[in-house]
Amino acid sequence: MSTSKKIALITGANKGLGFEISRQLGKLGITVLLGSREKKRGLDAVATLKAEGIDAHLVIIDVTYEPSVDRAALFLEKEYGRLDILVNNAGIMEDKIFKPTTIPSDILHNVFDTNFFGAVCAAQTLLPLLKKSEAGRIVNMSSSLGSLTLQADPAGPFAEFKFLAYDASKSALNAFTIHLAHELRDTPIKVNSVCPGWVKTDMGGPEAPGSVQDGADTPVWLATLPPDGPTGGFFNSRKPVPW
């Protein structure tokens, strides 16, 4: 199916930030492909957006399983022939109760499999489709908890927030952003990391001060950057975050 509308794939999009990013992109007239591991939840999310007049569709994708990512890429190639925006939003946090000396290795592996290796796999597999776009955009959903500068500051805002698996996976994701942006520096593709802030989601919890609407603003901004926009950066509230 050929279309002049921009095509965006958002992983982990059946709820929370991924769903709201999909909604805001869709409101801009972009065709949004909601990536979800679970078919029923994904279809329910798509139906909600369609009821709002958004051109939304479901893509079954599990970023921790390479054959699933490969199938999603083949589907996109067949149906759309390209991809304009990839938002690597799928992420998990499993280590709130552990210290660095007690965290089980399987939790480290699980978190990295989704938050880092999954994002790398999605970007690598979908890059040929992004290269067919006139202005490809890759947005890696990171966190200020992954900022080594902020984490190392004993008087900083995250001095007492230390979640090794989650934080380190986001630091690694930021490194991937820097390296991928460098590799693609002579192409129209822009690659950036973003911290959405502490927002009310299943991961953020009800005590979070921000809304998903606020959290989606900067990812949507980065997904729709003009040709002179930044690449290889790390942003929160549309402002740079220290690495």
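Going by the structure above, here's the rest.
Note that the structure is predicted; figures quoted are calculated from it, not measured.

**Observations concerning the nonpolar core**
Argument step 1. Core analysis: the biggest nonpolar cluster contains 31 residues, and Leu9, Leu76, Leu83 and Leu126 have the highest contact counts within it.
Argument step 2. Of all the secondary structure elements, the ones that give two or more residues to this core are β1 (7–10), α3 (66–79), α4 (105–130) and α6 (164–183).
Argument step 3. Take this core: its biggest share by element is 9 residues, from α4.
Argument step 4. Excluding anything up to four places from it in sequence, Leu76 contacts Leu9, Leu33, Val59, Gly81, Arg82, Leu83, Leu126 and Leu129.
Argument step 5. Counting 27 residues, the second-largest nonpolar core is a separate cluster that includes Ala8, Ala13, Phe19 and Ile30.

**Here we look at helix α2 (residues 39–51)**
Argument step 1. For α2, spanning 13 residues, the distance from its first C-alpha to its last is 18 Å, which sits close to the expected 18 Å at 1.5 Å a residue.
Argument step 2. All of the buried residues along α2 are Gly42, Ala45, Val46 and Leu49. The arc that holds every buried residue of α2, seen down its axis, measures 100 degrees, which confines them to one face. Across from the buried face of α2, at angles greater than 90 degrees, the exposed residues are Lys40 and Ala51.
Argument step 3. In this fold, the buried residues of α2 make contact with α1 (16–27), β2 (31–36) and β3 (56–60).
Argument step 4. Just past α2, the residue Gly53 takes up positive phi, approximately 85 degrees.

The rules behind each value
- Residues numbered from 1 in each chain as written.
- Predicted model: local features only at pLDDT ≥ 70, side-chain atom pairs only at ≥ 80, totals over all residues.
- Heavy atoms only, no water.
- Core = buried A, V, L, I, M, F, W, Y, C linked by side-chain atoms within 4.5 Å.
- Buried < 20%, exposed > 50% of the residue type's maximum accessible area, 1.4 Å probe, protein only.
- Helix = DSSP H or I, 4+ residues; strand = E, 2+ residues; numbered from the N terminus.
- Contact = heavy atoms within 4.5 Å.
- Expected span 1.5 Å × (residues − 1).
- Arc of directions from axis to C-beta.

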